[in-house]
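# Per-entry structural report
Each chain is listed here by its residues.
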Amino acid sequence: MLPNKRPDDMVRITTPELAQAFIDEQVAAVREQVGDKKVLLALSGGVDSSVVAALLIKAIGKQLVSVHVNHGLMRKGESEQVIEVFRNQLDANLIYVDATDRFLDLLAGVSEPEKKRKIIGGEFIKVFDEESAKLEGISFLAQGTIYPDILESDGVKAHHNVGGLPEDMEMELVEPVRLLYKDEVRVVGEALGLPHNMVYRQPFPGPGLGVRCLGAITRDRLHALREADAILRDEFDKCGLAATVWQYFIAVPDFKSVGVKDGKRYEGWPAIIRAVNTKDAMTATIEEIPYDVLHRITDRITHEVDGINRVLLDLTPKPIGTIEWE
């Protein structure tokens, strides 16, 4: 049984040297636990699953089978980065599933936020199950459990990465970063050679852009949201805000307003900027964005993204507004 409590004398991993010592220790532990058997991992592209994948590739190479499901609600370039880093650079045994049409067809016309979440979560489990059923000889399941997950769930982690596994999947867990805090996982990720922007990727909800494309998701509005969000992230990178703001994103509601383009009136969606800082996600404060940056973001989004003709700034702290709109 793996320990559920971090030892009191465990040194906080803050340097490349401490990270390397941890990596060496875990590589040996994983090899001893797994032997010559296969391990399955749901690789979301998030920090925790990416670090676990890189660590296990170092330890057992092709014995790790990583499954990345693209539900069509990822941010721009994220699934492509997973393929580039893990398949092309680390030579991972990676199964990539583009289930975009499957998810978006199921979500068509569904506007209620909780129903959207359930469809996305439930379908993710189905896709992952289907892919894992095609595989033979899988004895272990790897997960990106980290220490705060254990503290929050009292040692039970049913849905953090995989979405909730069926009870008949009798596989032993491999959780190499289960006693680490998020900041330590990032230090380990950099020591493993993962790209900085992957290791410092900001939190992203499981349903992805599905809860930021407000109301019933349409493909054209989802595309506009993805492009506008990429511009916001690019401009935050350029001005240094990416390093100081905990979470920043665009939400696009399902209503239009009138605008002017090429001397003619036309209708377009508004893009809403949300930028917050928090220590625990229970409360959040609003990050001040310099007006010159806001003007640049607005100019780019309204000129580069088809269908968006206004940019708004959400100034609501939590409480009273939640971080996500849905």
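Our subject in this report is the structure included herewith. (Residues numbered from 1 in each chain as written. Predicted model: local features only at pLDDT ≥ 70, side-chain atom pairs only at ≥ 80, totals over all residues. Heavy atoms only, no water.)

## Some details on helix H7 (residues 182-191)
Heads up, the rule is: Any residue under 20% of the maximum accessible area for its type is buried, any over 50% is exposed, and the rest in between are partly exposed; the area is computed with a 1.4 Å probe on protein chains only. The secondary structure listing takes helices from DSSP runs of H or I that are at least 4 residues long and strands from runs of E that are at least 2 residues long, numbered from the N terminus. By the convention used here, residues are in contact when the closest approach between their heavy atoms is within 4.5 Å.
Buried residues of H7: Glu-184, Val-185, Arg-186, Val-187, Val-188 and Gly-189, and no others. Of the surrounding elements, those touching the buried residues of H7 are helix H1 (16-34), helix H2 (47-60) and helix H8 (196-199). Where H7 terminates, the next one or two residues include Gly-193, which has phi positive at roughly 90 degrees.

## Brief notes about the sheet that holds strand E5 (residues 172-174)
Heads up, the condition is: By definition, two strands form a pair when at least two bridges between them are found by DSSP. Geometry is summarised by axes, namely lines fitted to C-alpha atoms with helices restricted to the contacting stretch, and by angles between N-to-C directions that run from 0 to 180 degrees.
Across the sheet, which stays open at both edges, the five strands sit in the order E3-E2-E1-E4-E5 with parallel pairing between neighbours. Of all strands in the sheet, those bounded by a partner on one side alone are strand E3 (93-98) and E5. Ignoring which end each strand starts from, the neighbouring axes of this sheet average 30 degrees apart. Where strand E1 (residues 38-42) meets strand E2 (residues 64-70), four bridges bridge the pair, whose relative direction is parallel. In the sheet register, Leu-41 faces E2, and the bridge partner there is Ser-66. Running over the sheet, H1 touches E1, strand E4 (138-142) and E5 and is turned about 165 degrees from E5. H2 rests against E1, E2, E4 and E5 of the sheet, and its axis sits at about 160 degrees to E1.

## Brief notes about empty space enclosed by the protein
Let me state the cut-off plainly: Think of a 1 Å grid over just the protein atoms. A cavity is a set of points where a 1.4 Å probe fits yet cannot get out, a pocket is an open set with protein on both sides within 12 Å along at least five of seven lines, and lining residues have an atom within 4 Å of a point. Grid points are joined across faces, edges and corners, and a volume is the space filled by probe spheres set on the points. Put simply, Ala, Val, Leu, Ile, Met, Phe, Trp, Tyr, Cys and Pro go in the nonpolar bin, Asp, Glu, Lys and Arg in the charged bin, and everything else, Gly too, in the polar bin.
On inspection of all chains with the given rule, the structure shows one cavity of 30 Å³ or more. Here the largest cavity is characterised by a volume of approximately 40 Å³. Considering the residues around the largest cavity, the lining is formed by Ser-44, Gly-45, Met-74, Glu-78, Gln-81, Val-82, Met-198 and Arg-201. For the lining of the largest cavity, the leading source of residues is helix H3 (residues 78-89), giving three residues. Its residues assigned to classes, the lining of the largest cavity comprises three nonpolar, three polar and two charged.

## As for the nonpolar core
Our working definition: Throughout this description, the term nonpolar core refers to a set of buried Ala, Val, Leu, Ile, Met, Phe, Trp, Tyr and Cys residues connected via side-chain atoms within 4.5 Å.
Ranked by size, the top nonpolar core spans 47 residues in total, and within it Leu-222, Phe-236, Ile-250, Ile-273, Ile-289, Ile-301 and Ile-308 carry the most contacts. Those residues in contact with Ile-301 that sit more than four places away from it in its chain are Ala-228, Ile-231, Ile-250, Ala-271, Ile-308 and Val-311. Listed in part, the 40 residues of the second largest apolar core include Ile-83, Val-177, Met-198 and Val-199.

## Side note on the environment of Glu-112
Selection criterion: Think of a polar contact as two N or O atoms within 3.5 Å of one another; within protein, one of them needs to be a possible hydrogen donor and the other a possible acceptor, and neighboring residues in sequence only count if both atoms come from side chains.
Within the secondary structure, Glu-112 is located in the loop between helix H4 (100-107) and helix H5 (113-133). For Glu-112, a relative accessible area of 42% gives the class partly exposed. Taking the C-alpha atoms as reference, Glu-112 lies 24 Å from Leu-313; in sequence the two are 201 residues apart. A distance of 3.1 Å separates the side chain of Glu-112 from the backbone nitrogen of Lys-115, its partner in a polar contact.

## Overview of the pairing of E1
For clarity, the threshold we go by: A crossover gets the label right-handed when its path from the first strand over the helix to the second runs clockwise, viewed with the strands pointing away from the viewer.
E1 sits mainly inside the fold: four of its five residues count as buried. With respect to chirality, the unit in which E1 leads through H2 into the neighbouring parallel E2 is right-handed.

## Section: the packing of H1 against H2
Spelled out, the test is: Crossing handedness: left-handed means the near helix sits turned counterclockwise from the far one by under a right angle, and right-handed means the same turn made clockwise.
Between H1 and H2, the shortest axis-to-axis distance is 9 Å and the interhelical angle comes to 60 degrees. You can see that H1 and H2 cross each other, and the crossing is right-handed. Contacts between H1 and H2 pair Gln-20, Phe-22, Ile-23, Gln-26, Val-27, Val-30, Arg-31 and Val-34 from the former with Leu-55, Leu-56, Lys-58, Ala-59 and Ile-60 from the latter. Here the residues of the contact of H1 with H2 are counted per class, giving nine nonpolar, two polar and two charged.

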